[in-house]
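Chain by chain, the residues run as shown.
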Amino acid sequence: MPHATGTLARRAGRHLRTSLFTQVLIALVLGVLVGRLWPAAGSSLQPLGDGFVRLIKTMIAPLVFCVVVAGITKAGDLKAFGRIGVKALIWFEVATSIALVVGLLAANLFAPGAGMHIDPASLDKGAVDAKTGGGQLPSAAQFVLESLPHSAVGAFAENSLLQVLVLACLVGAALLHLGQKKVPQILPLIEQAQDVVFTIVGFIMKLAPLAVLGATAHLVGEYGLGAMATYGKLIAVCYGVALVFLVLLAGALKAVTGLSLWKFVRYTREELLLALGTGSSETVMPRMMQKLRTAGCRDDAVGLVLPTGYSFNLDGASIYLSIGTLFIAQAIGVDLTLGQQVTVVLVLMLTSKGMAGVPGSAFLALSATASALGVIPAAAVALLLGVDRIMDSMRVATNLLGNCVAVFAVSRWEGALDRVTAKRVLNGEHPAAAPADGPAEQDRVHRRAEPVPAPSKDAVAEPGVTSAPPPAG
């Protein structure tokens, strides 16, 4: 019996050392306990989460650049890359529009703000200005202009994903134009740099449990659990609508690709739990890109659709904004007409696209919507200050899963998805399904399993040995 107990203890210890999911889950529970029992100490742990997010963000721009350039050159067809971009934007627009409409329908049906009878004059508009730092969302023209890099170094220094994407497309197009014979060393160099970046990300991920502990302890210590009672109905409606939307996404994924969203959630449970714990989907972008590639999505589709979705496909944020707008109106006793609610959808379809990377973007979008309606005082937006951080988990999970579904759907639409590999990976049968072997090795295994793309001399050589001459015959 003692021997059996010792064996069980060793297995548990080994599982704790090797399972990121278990480590993050334990950190999440500890964070709640620390924040609840020692609020001041919990609030002071925020730098743990912020430092981790900074480290991960440092690697995102070079990773996106490498994946996109390698994807374009290996696919051998810039027109295909353009088609992927157009199809992704169509999917994004349809998905966010559905999210907005479903949110409005639920807010009308359940009326989370009804009966609050809030006097807007009693609210502090300065609190909203403090949250947003006095900033504003960019106009459509400004958004497009700021997506273009003003310098090659500046795009990476500012960590602007859209600017990095533009640069990567230009470099990929140039490599295709010059051909493998003129620049034979560039693609292997980019692929080696990509392996280095993934390895660094692997090092940083070892700090994930500390980040989750700090972020969760700060959240509970700073905001407490009182907001759950005050805004209970609003929170329930938002999370309920997000669940309904994810069911719709699961149906769409099944119809388009034949894949199961639940199996994908199980496959990426470590990344999802980490994103929920830190309140940021950017912390898991590198690992999500790697897992999507392992699950049969072609490099160019992953490299373009996933990073672009972080700016254009904010499904969770769209749900929150539509419900939040009607919640504010109901709380101050304003009855919005059907025409005004249509205006809400149209305004949010535009403002939600420029939210990424803007401090307090949700409040800026809500303020812009209130101004467009003309019947909701801007100060009323302050009603959501007490609950905004609690909504992060809903927004993060829905945004992240929405973008991953978009990668699968657009890949299938473009013929860039290996469904056999995808089903094997999601069923846990593929040897590269878990990233425990290290990013570089996992990538090499995935590339060997990846179907060879059609017809370009540059694309037929196996990516892992690009610098070697192709075999005769």
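Residues numbered from 1 in each chain as written. Predicted model: local features only at pLDDT ≥ 70, side-chain atom pairs only at ≥ 80, totals over all residues. Heavy atoms only, no water.

Engineer: Could you clarify how one ought to interpret the environment of Ile26 in this entry?
Structural biologist: Tracing the backbone shows Ile26 in helix H2 (residues 20–37). The spacing of Ile26 and Pro209 is 183 residues in sequence and 8.0 Å in space, taken between C-alpha atoms. (Helix = DSSP H or I, 4+ residues; strand = E, 2+ residues; numbered from the N terminus.)

Engineer: Where do I start with the packing of aromatic side chains in this structure?
Structural biologist: Aromatic rings in a pair are described by how distant their centres are and how their planes are angled relative to each other. Counted according to the given criterion, the structure contains three aromatic pairs. Ring centres of Phe264 and Phe408 lie 5.4 Å apart, and the angle between their planes is 90°; on these two criteria the pair is classed as edge-to-face. Of the two residues, Phe264 sits in helix H14 (residues 261–267) while Phe408 sits in helix H21 (residues 392–414), which places them 144 residues apart along the sequence. Note on accessibility: Phe264 and Phe408 belong to one class, buried. Linked through ring pairs, Phe264, Tyr267 and Phe408 together constitute an aromatic cluster. Note that Lys291 overlies the ring of Tyr267, its terminal NZ or CZ placed 4.7 Å from the centroid. (Phe/Tyr/Trp six-rings, centres within 6.5 Å; stacked < 30°, edge-to-face > 60°. Buried < 20%, exposed > 50% of the residue type's maximum accessible area, 1.4 Å probe, protein only. Lys NZ or Arg CZ within 6 Å of the ring centre and 35° of its normal.)

Engineer: Can you help me understand the packing of H2 against helix H15 (residues 269–278) in this one?
Structural biologist: Helices that pack against each other are described as a pair by the angle of their axes relative to one another and the distance between those axes. Relative orientation of the contacting elements H2 and H15 amounts to 25°, with a least axis distance of 9 Å. By the angle between their axes, H2 is roughly parallel relative to H15. Note on packing geometry: the crossing formed by H2 with H15 is left-handed. Every residue of H15 that contacts H2 at Leu20, Phe21, Val24, Leu25 and Leu28 is listed here: Arg269, Glu270, Leu273, Leu274 and Gly277. (Axes fitted to C-alpha atoms, helices over the stretch in contact; angles between N-to-C directions. Parallel < 35°, antiparallel > 145°, perpendicular 65-115°, else oblique. Left-handed = near helix turned anticlockwise from the far one by under 90°. Contact = heavy atoms within 4.5 Å.)

Engineer: Is there a simple way to explain unusual backbone geometry in this structure?
Structural biologist: Negative phi characterises most residues that are not glycine, and trans characterises most peptide bonds. Residues other than glycine seldom take positive phi values, yet Ala111 does so here, at roughly 45°. Relative to the helices and strands, Ala111 is located in the loop between helix H5 (78–110) and helix H6 (125–132). Here Ala111 falls in the buried class, since its relative accessible area comes to 19%. Phi at Asn159 is positive, roughly 55°, even though this residue is not glycine. In this structure, Asn159 sits in the loop between helix H8 (152–157) and helix H9 (161–178).

Engineer: What is the right way to look at the nonpolar core in this model?
Structural biologist: The nonpolar side chains of a soluble globular protein tend to be buried, and buried together. One finds Val64, Leu234, Phe264, Leu306, Leu384 and Phe408 to be the most contacted residues of the largest nonpolar core, which totals 124 residues. It is helix H4 (residues 46–75) that provides the largest number of residues to this core, a total of 13 residues. Excluding residues within four positions of it along the chain, Leu234 makes contact with Pro112, Ile323, Phe327, Leu384, Val387 and Met391. (Core = buried A, V, L, I, M, F, W, Y, C linked by side-chain atoms within 4.5 Å.)

Engineer: What's the story with the confidence of the model for the protein chain in this structure? I'm lost.
Structural biologist: Atom-level detail of predicted coordinates should not be read off regions where pLDDT is low. Mean pLDDT over the protein chain: 79, with 79% of residues reaching 70 or higher. Within the protein chain, the lowest mean pLDDT, 39, falls on helix H24 (residues 457–460), and the highest, 94, falls on H14. With pLDDT under 50 throughout, residues 432–473 is counted as low confidence; its partners more than four residues away or in other chains account for 56 contacts. (pLDDT = per-residue confidence, 0-100.)

Engineer: What should I look at first to understand the packing of H5 against helix H17 (residues 299–312) in this one?
Structural biologist: Running from N to C, H5 and H17 point in directions that differ by 35°, and their axes come no closer than 10 Å. For the pair H5 and H17, the sense of crossing is right-handed. For the pair formed by H5 and H17, the contact residues are Phe81, Ile84, Gly85, Ala88, Leu89, Phe92 and Thr96 on the first element and Asp300, Ala301, Leu304, Val305, Thr308, Gly309 and Phe312 on the second. Taken together, the residues that form the contact of H5 with H17 break down as nine nonpolar, four polar and one charged. (Nonpolar A, V, L, I, M, F, W, Y, C, P; charged D, E, K, R; others polar.)

Engineer: What is the right way to read a nonpolar patch on the surface from this model?
Structural biologist: A cluster of nonpolar side chains, Val86, Ile90, Val94, Ile98, Val244, Leu248 and Trp413, forms an exposed patch at the surface whose accessible area comes to about 620 Å². Those elements that provide at least two residues to the nonpolar patch are H5 and helix H13 (232–257). In terms of residue count, the dominant contributor to the nonpolar patch is H5 (four residues). Residue Ile90 is classed as partly exposed on the basis of its relative accessible area, which comes to 44%. (Patch = residues over 30% accessible without salt bridge, like charges linked within 9 Å, V, L, I, M, F, W, Y side chains within 5 Å. Areas by Shrake-Rupley, 256 points an atom, 1.4 Å probe, with all protein chains shown as cover. Salt bridge = Lys/Arg side-chain N within 4 Å of Asp/Glu carboxyl O.)

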